[in-house]
Structure formats: structure tokens, C-alpha cells
Amino acid sequence: MGKIEWAMWANEQALAAGLILLTGGIVGVAGQFRGWQFAAYGVAAGVFVCLLEYPRGKRNKGTSVERTGQYCFTVCVKSFGPVTRNYYVRAFLHAAICVPGGFMLATVLGCVCLGIASLIYLAAAIRGEHWEPILPRKETRKPDVQSIKNPPQNPPPRPPQDMRRKRAEDLEGAAYVNPISVTANEY
């Protein structure tokens, strides 16, 4: 079996956790629950985690598929350099972000999910993985190779190759040989 790339799992888990934390924070602030300040923190933390985790990293195999509109987020995340490329930093950052979310019921699910993502990032860091951005490749166009040198002159359906009419330059060869005998007045 192949080697598991833990960072891909952590990225998906952290992005989902950010969305859950954001949703729980919105519910907590809109409901004016007791301790709604933690919910406001959950909104800010959810947005931060989503912005940090939206760009996917490049896989080792090179079969990475980027998310829609990922490029501008990739440039922002890449600009922070080793702080965002190192999965140890991400693991401890997510662990620290998720702690205040545990003080309110509306944000506790996002907190737990972010804690799990933090553990997965820690596993990825221990295995030596790091974040590499998916940058657009400059496409090298191959010269067009004509697969059909001369397109067919007559429309389909075409008779088989051996039954086709010969060119008019060779008048004797251009005539069809009728396989059925035709005689006048056979009645």
C-alpha cells in the first residue's frame, strides 16, 4: 500500500472545522447567548482558519487538484513563509485557536474538530511533511500533429475501400465492376 499523506486529511478537517466554528460563532452572537464574546471570537477564528486552510498543498505524487479560486489565497499563505509551511506551527496554532471555543456550547463542535485537525497536522509534521503551494503551470503547447493528412472528399456513408470509385484520370479503372449481371429485357 502507498504512504498516507496526512496533511491532505488535516487540511480538509481543518477547513471543515473552520466552517463549523464560524457557523457556531454566528449562532452564538445572533442568539446573544451567555458568553457571546466567545462566539464572536469563534467567528473571527473560523474566518482565519478558513482563509489559512482554503489553499490545498501540493501532494508528493503530483496529482494535486486545486480548489476553485485558490490562487489568490495561495499567494497570501505563501507570503508568510516558513510560518505557514511548517506543520508543527499549524498544529500548535490550531490547538491554541480551538481552546476558547470550548467555553461555549455553540462553538464546542468546531473546537473539537479543530483539535482533531491539530492532531492530524502533528502526525503529518512528525512524518516530515510540509506545505508546498500549487502554482499554475506554464502550459507548453505541443505542435499540432495532423492525424488526418487529407480529409475525406465524399460525405458518409462511404463504401468500403475496395469498392470506392477510382479517379477520373484513369478512365478504365474508374468504372465500377458490377457484381450482378445486368442484361436488357430479362423478362
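As a reminder, the structure under discussion sits directly above these lines.
Everything numeric in this text was worked out from a predicted model, so none of it was measured.

1. Re the overall build of the protein
And step 1. A tally of regular secondary structure across the protein gives 7 helices and 0 strands.
And step 2. If you list the helices and strands of the protein from N to C, you get α-α-α-α-α-α-α.
And step 3. Of all 187 residues assigned to the protein, the portion counted as buried reaches 29%.

2. A few points about the environment of Gly 101
And step 1. Structurally, Gly 101 can be placed in the loop between α5 (87–98) and α6 (108–126).
And step 2. Taking the C-alpha atoms as reference, Gly 101 lies 8.9 Å from Ala 45; in sequence the two are 56 residues apart.
And step 3. Residues in contact with Gly 101, not counting those within four places in the same chain, are Tyr 41, Thr 107, Val 108 and Cys 111.

3. A look at helix α1 (residues 6–30)
And step 1. The end-to-end C-alpha distance of α1, which contains 25 residues, comes to 36 Å, matching closely the 36 Å that a straight helix rising 1.5 Å per residue would cover.
And step 2. The set of residues buried in α1 consists of Ala 7, Ala 10, Asn 11, Ala 14, Leu 15, Ala 17, Gly 18, Leu 21, Gly 24, Gly 25 and Gly 28.
And step 3. A positive phi of about 50 degrees marks Gln 32, the residue just after α1.

4. Notes on a nonpolar patch on the surface
And step 1. Residues Phe 38, Val 99 and Phe 103 make up a contiguous nonpolar surface patch of roughly 310 Å² in combined accessible area.
And step 2. With respect to the secondary-structure elements, Phe 38 resides in helix α2 (residues 36–53).

5. Concerning the environment of Ala 7
And step 1. Position of Ala 7 relative to the elements: it lies in helix α1.
And step 2. Overall, the relative accessible area of 7% leaves Ala 7 in the buried class.
And step 3. Along the chain, Ala 7 and Lys 58 lie 51 residues apart, while their C-alpha atoms are 9.8 Å from each other.
And step 4. Excluding anything up to four places from it in sequence, Ala 7 contacts Tyr 87, Tyr 121, Ala 124 and Glu 129.

6. A few points about the pattern of salt bridges
And step 1. Throughout the structure, instances matching the rule amount to 2 salt bridges.
And step 2. A salt bridge links Glu 12 to Arg 56, with the shortest nitrogen-to-oxygen separation between them at 3.2 Å. Linking Glu 12 in helix α1 with Arg 56 in the loop between α2 and α3 (70–79), this pair joins segments that are 44 residues apart in sequence.
And step 3. Glu 53 is paired through a salt bridge with Arg 90; the nearest N and O atoms lie 3.4 Å apart. Note that Glu 53 is positioned in helix α2 and Arg 90 in helix α5, a separation of 37 residues in sequence.
And step 4. A residue is classified by how much of its surface remains accessible, and Glu 53, at 0% relative accessible area, is buried.
And step 5. Given the relative accessible area of 1%, Arg 90 is considered buried.

Each value, and the rule that gives it
- Residue positions are given per chain, counting from 1 as you read along its sequence in written order.
- Local features in this predicted model are restricted to residues whose pLDDT is 70 or higher, and side-chain atom pairs enter the listing and the counts only when it is 80 or higher, whereas totals over whole chains, interfaces and linings include all residues.
- Water and hydrogen atoms were dropped before computing side-chain values, which therefore reflect all heavy atoms in the structure.
- Runs of H or I in DSSP of at least four residues are treated as helices and runs of E of at least two as strands, each being numbered from the N terminus.
- Buried residues are those whose accessible area, probed at 1.4 Å on protein chains only, stays under 20% of the maximum for their type, while exposed residues exceed 50% and partly exposed ones sit between those limits.
- Any two residues whose heavy atoms approach within 4.5 Å at even a single point are treated as in contact.
- To estimate how far a helix should extend, the number of its residues minus one is multiplied by 1.5 Å.
- Patch definition: residues with relative accessible area over 30% and no salt bridge; like charges joined within 9 Å; nonpolar side chains (Val, Leu, Ile, Met, Phe, Trp, Tyr) joined within 5 Å.
- Methods summary: accessible areas were calculated by the Shrake-Rupley approach with a probe of 1.4 Å, and residue burial reflects only the protein chains presented.
- When a carboxyl oxygen of Asp or Glu lies within 4 Å of a side-chain nitrogen of Lys or Arg, that pair is called a salt bridge.

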